[in-house]
Amino acid sequence: MDPEEQDLVSRDEAPILETMRSIYSAVPMHHLGAIHGKIAGAMIVANAIVDSLPLIHGPVGCAFQRKLNPFTLSSTFYDSPCTNLNNVDVVYGAEEKLGKAIVEAYERYSPRLIIVITTCTTDLIGDDINAVVQKAKEKVGCGVIYSTGDFVGKSRPVGIQDSLYALADQMICREDVDRNEGSVNLINSPTQRNALKCREMASLLLQMGIKINKICFDQTTTRDMMDLAAADLNITGYRMSWAELMKKKMNVEYCKITGWDRYNKKKDPEMISPYGIAGSCRVLEEIARIMGREGEADSVIKKNRAAAESRLETLSRELKGVRVAVPVGFSLNLLKDIGVDVAALIYRTQTLTHGVTDRAIQEIERANLKLAEIYGFHPQLLVNPTPEEELETFRNRQIDLVMAPAKIAHFYNKEGIRTVDVNDFSQTKLNVGFLPSIDLCIVFREAMGRVRVRSPLLDLMEFDSGINNLSPHWARVALSFHHLRSRKFKQGSYYHFQGLAGVALNEHNI
Amino acid sequence: MSIIYDPLHDCKMVGALRAMHGISDCMVIIHGRNGCHCGALLLQTLGSEQNSVRVLTSGLKASDEVYSGEERLASAIRLADQTFRPKAVSVLNCSAPVIMGEDVEGLEMLLEGEIGAELIAMDVGGPEGPAWLGYEEALSRLVPRMQASEDEPRQGINLLGFKADDFCSRSDLSEMRRMLQDQNLSVNSILCGSSYEEMQRAPQAELNVLLGGDGLECAKAMQEEFGTPYISVPYPYGLKKSIKFIELIAGALEKEVDSQVLVREKERIKRTVENAHMFIQGIYSTPVAVVGESGRAFDLAEFLSDELGMDVKLLAISSCNFATQEKINTVDPHYQTLMIEPDRWEMNQALKAARVSLIFGSTFEKRIASKLQASLVRVSYPVLDHISLSGLPFAGFSGIAPICESIINSILNRNKEEVSA
């Protein structure tokens, strides 16, 4: 029962694709120096549905600049037709233009779905987009939806959430659906488009007798999106407004695997992470319960868990006693599975202050320390440390390995400390299942065996002492950006923002 | 005429950004929503020197579209002034605030004297026009900031139409300076590729020289204001255009061209040709397409056609300037088909029909080049997926070797197995 054989996921990616992604990883996007804007998010969705076409209702700049994909700079959006608004349209409205543009876009590109994306210009002039879309739909042989950025409140990233919500609201949720009884949808982020990491989870669910209706996003078509309505359950990585809507309108159950809701009920820190052996067992049991498959699940989980633990016992032998420094945010479950000793926890709260309350920040700290205690780790906690404090602690605690993204690895390497970058692992492997622990074990073993970098050229240039991954100039740019964007921003708390051993920001934690 | 348009060019904001960001001590504030700032920041970060990107946002939010964002903008200007101590702050007022009627010029007066930097504000809403108009207008906005000194003699030239974020532009500029210096001609100021102070000294030049016709509005304004004459020269791609570049400038200044220098340059290029003559023979008659801005692409097409013997099947002008019409009217063009600011879909159809082996274009031609299995030589704005650190120019006498290298290597390094029949 291999999902690959069932054509549910595509094949493995060439390593160069990861390198192409990572070469841009030091560019300070994702709320560091800029925010993408809703059009970029909507373009992501249009790009992830392979037979859809974005139609930007706005002036040329909104179409030209959005060819750049700030979520994944290595992927350009090549097709970005627009309605080419000018000042006359601003005065007299551009509804007629949009109506004609939808028909033209259909005739020219033959898409299965047109996603009309509004811009600030059209939002301000108040075109009745809904009326235009309804009328134009009658003239084309494909689906047409529109996204304004107003459907989902503050659900982030707005453009992605809003377009998916629009798709669910305007197309997916309908009455005439043939249900695929006993099946689930596995929904990944459209920014990642790597359904491969769902392979093991899908296989485990199949073993439990739970059918896989769809895995998104991976060569996903408009038809696939419409078929989502046939499943009994949507399993998503994080909160998705459109899945909530499907539950409300179509009675398709909804289960998000990450989030603090489960923890909040009993303040049990083991409920935080859905990953690693313990987290995965819990999530799989929960899904089985929703699907009424507890009986089948029990033996499947036991069998696969035993096989994974047996492999880990052999593989993790040489990691015993390896002392690591870890950013708060990375799943301690996985580190327990691979047998390393978490000797330092780095907690950077500065980025969190934009979306999380002070109480929540303290709760995260408490929960992580409690979990460390349960797992038998005795880490030293460093909250927003300076570079000097961090290095001194690492020396005192005899840290062998620091979990750090490649962009700041040189800082530790010059001090003789090895680093491990788990961004690739998080992007392509981290999911519910037993294999990620084994994969992480291999990643750590490779990192420990790697030749030490002794004289990185990057050390020739000056980096900011506070924001260690940025030059002083860029640190000022980032600082200014945050100052201008955030009411809660305090310059004093900015020190070391997204610096050493920082958690890479992505759509899950912004 | 089609309604939908997949543009090859950007909006007025980016044209103005390219001009203002070229001033090395100018901070640019994008007074607009997140997307406009993000786009502007990315274009500069990926397309120019990474450690001198000076683009900030005003932080305009949706609520400001109801209650006005002027206060927020004022804070951003103050912050830019205090944090970066720039000589100038350029405020680019994007679509939303332009429609809202934000009074940025009033703000300019309000903050006068309060901040150390010169404040240059302009409306650059997306519906107001294309990038090249934004570039022209931005350059013109600099004229009132220029300072003429009657005590100093006028000497040297100003180069107008320089764009610091064009691929290899800094290297091209060094080569142009070298070529001029070899003829005892000095450069006074670069618009825009100088410091603010150097820009202010522009009226001290004897002549304004427009690269490929860019910067005409500014040149006209300077002629009226300071009496500075101007000429337009080709962007110096290849031997012929490089010589013409020198001859036109020297001629306008009534100076003799040092022909010995030209002989030496020709000899140098001859050796380059000798070193790769078999391959240069090999690319003769190759069908190619050029996609690029008016100020460069016409001259590049002529070099490829006239000097390398390539068959320019299609010339697509991604962005015009005031000289475009004159160039279109050329009696003996160096291309087979010309498209002016075409829709990308239509251009791709034309490229497909032209069956070209090579496309000279921007990053955004990567997919069509790949689809047509043609090589892509990145030379036109924006180049965001190729870097140039070696200081080798594409322009001038010294640019001939690097451009030939790029062309020939783009063919030689292809894996034939990846190119299906």
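The rules we used
- Residues numbered from 1 in each chain as written.
- Chains lettered and ligands numbered in written order.
- Predicted model: local features only at pLDDT ≥ 70, side-chain atom pairs only at ≥ 80, totals over all residues.
- Heavy atoms only, no water.
- Buried < 20%, exposed > 50% of the residue type's maximum accessible area, 1.4 Å probe, protein only.
- Helix = DSSP H or I, 4+ residues; strand = E, 2+ residues; numbered from the N terminus.
- Pairing = 2+ DSSP bridges.
- Right-handed = clockwise from strand over helix to strand, strands pointing away.
- Contact = heavy atoms within 4.5 Å.
- Buried area = accessible area lost by both parts, 1.4 Å probe.
- Salt bridge = Lys/Arg side-chain N within 4 Å of Asp/Glu carboxyl O.
- Nonpolar A, V, L, I, M, F, W, Y, C, P; charged D, E, K, R; others polar.
- Axes fitted to C-alpha atoms, helices over the stretch in contact; angles between N-to-C directions.
- 1 Å grid on protein atoms, 1.4 Å probe; cavity = no way out; pocket = protein on both sides within 12 Å on 5 of 7 lines; lining within 4 Å.
- Points joined across faces, edges and corners; volume = space filled by probe spheres on them.
- Domains from an automatic or database assignment.
- Parallel < 35°, antiparallel > 145°, perpendicular 65-115°, else oblique.
- Left-handed = near helix turned anticlockwise from the far one by under 90°.
- Polar contact = N/O pair within 3.5 Å; in protein donor to acceptor, adjacent residues only side chain to side chain.

Participant: Would you take a moment to explain the pairing of strand β13 (residues 375-378) of chain B for this structure?
Facilitator: Residues in a regular strand point their side chains to alternate faces of the sheet. Residue and element names in this part refer to chain B. Here β13 shows two buried faces, one formed by Ser375 and Val377 and the other by Leu376 and Arg378. In the sheet, strand β12 (residues 358-361) pairs with β13 via four bridges, with the strands oriented parallel. Across the sheet, residue Phe360 finds its bridge partner in β13, namely Val377. Remark: the β12/helix α17 (residues 366-371)/β13 crossover connection has right-handed handedness.

Participant: How should the interface of chain A and chain B be read in this particular structure?
Facilitator: By a widely used convention, the size of an interface equals the accessible area lost when the partners come together. Facing 52 residues of chain A, the contacting portion of chain B comprises 61 residues. When chain A packs against chain B, close to 5,000 Å² is buried across both sides, 67% of that on carbon and sulfur atoms. Across the salt bridge formed by A:Lys67 and B:Asp6, the nearest N and O atoms sit 2.7 Å from each other. Among the secondary structure elements, those contributing two or more residues to the side of chain A that touches chain B are α3 (60-64), α4 (87-92), α5 (95-109), α6 (120-125) and α21 (472-485) of chain A. Looking at which element gives the most residues to the side of chain A that touches chain B, the answer is α21(A), with nine residues. Its residues assigned to classes, the side of chain A that touches chain B shows 27 nonpolar, 16 polar and nine charged.

Participant: Please explain the sheet that holds strand β4 (residues 118-123) of chain B as it appears in this structure.
Facilitator: The strands that make up a sheet pair up through hydrogen bonds in the backbone, lying either parallel or antiparallel. Residue and element names in this part refer to chain B. Here we have four strands laid out as an open sheet, ordered β2-β1-β3-β4, and parallel in their pairing. One side of each edge strand has no neighbouring strand; the edge strands of this open sheet are β2 (55-57) and β4. Strand-to-strand, the axes of this sheet are offset by a mean angle of 25 degrees, without reference to chain direction. Note that strand β1 (residues 26-31) and β2 share three bridges and pair parallel. Residue pairing across strands places Ile30 opposite Thr57, the latter belonging to β2. Across the sheet, helix α1 (residues 12-21) touches β1, β2, β3 (88-93) and β4, and the angle it forms with β1 is around 165 degrees.

Participant: Just checking my understanding: could you explain empty space enclosed by the protein for this structure?
Facilitator: Remark: the empty space left among the atoms is shown by a probe the size of a water molecule rolled over them. Residue and element names in this part refer to chain B. In this structure the tally under the stated criterion is nine cavities of 30 Å³ or more. Here the largest cavity defines a volume of roughly 150 Å³. Considering the residues around the largest cavity, the lining is formed by 21 residues, among which Arg18, Ala131, Glu293, Ser319 and Tyr381 are closest to the centre. Elements that contribute at least two residues to the lining of the largest cavity include exactly α1, α7 (131-142), α14 (294-306) and β10 (311-319). In terms of residue class, the lining of the largest cavity is built from nine nonpolar, seven polar and five charged. Domain assignment of the residues forming the lining of the largest cavity places at least three in each of domain 1 (12-145) and domain 3 (276-386). Space inside the second largest cavity adds up to approximately 100 Å³.

Participant: I would appreciate a short explanation of the packing of helix α8 (residues 169-182) of chain B against helix α11 (residues 238-252) of chain B in the present structure.
Facilitator: Two quantities define a packed helix pair, namely the angle between the axes and the distance from one axis to the other. Residue and element names in this part refer to chain B. With their axes 11 Å apart at the nearest point, α8 and α11 run at an angle of 55 degrees to one another. Between α8 and α11, the interaxial angle falls into the category oblique. Relative to α11, the crossing made by α8 is right-handed. Listed contacts from α11 to Met176, Met179 and Leu180 of α8 are Ser242, Phe245, Ile246 and Ile249. Partitioning the contact of α8 with α11 into residue classes produces six nonpolar, one polar and no charged.

Participant: How should the pairing of strand β6 (residues 187-191) of chain B be read in this particular structure?
Facilitator: Residue and element names in this part refer to chain B. The buried fraction of β6 is high, at five of five residues. Of the pairings in the sheet, the one linking strand β5 (residues 157-160) to β6 comprises four bridges and is parallel in character. Among the inter-strand pairings, Leu159 is bridged to a residue of β6, identified as Ile190. On the question of chirality, the crossover connecting β5 to the parallel β6 by way of α8 is right-handed.

Participant: Whenever I open this one, the domain arrangement of chain B confuses me. Can you help?
Facilitator: All names here are of chain B. Domain annotation of chain B identifies domain 1 (12-145), domain 2 (157-258) and domain 3 (276-386). A separation of 25 Å is found between the C-alpha centroids of domain 2 and domain 3. Domain 2 puts 19 residues into the contact, and the matching count from domain 3 is 19 residues. Of the roughly 1,700 Å² buried between domain 2 and domain 3 on both sides combined, carbon and sulfur atoms contribute 50%. Per-residue buried area on domain 2 facing domain 3 is highest for Phe167, Tyr237 and Lys240; these three make up 39% of the total on that side. The interface formed by domain 2 and domain 3 includes seven salt bridges. Taking the shortest distance from any N to any O, the salt bridge between Asp306 and Lys240 comes out at 2.4 Å. On inspection of domain 2 and its partner domain 3, the count reaches 14 residue pairs in polar contact (both at pLDDT 80 or more). Among the elements of the structure, α8, α10 (216-226) and α11 are those that each provide at least two residues to the side of domain 2 that touches domain 3. Counting residues per element, the side of domain 2 that touches domain 3 draws most heavily on α11, which supplies four residues. Here the residues of the side of domain 2 that touches domain 3 sort into seven nonpolar, four polar and eight charged.

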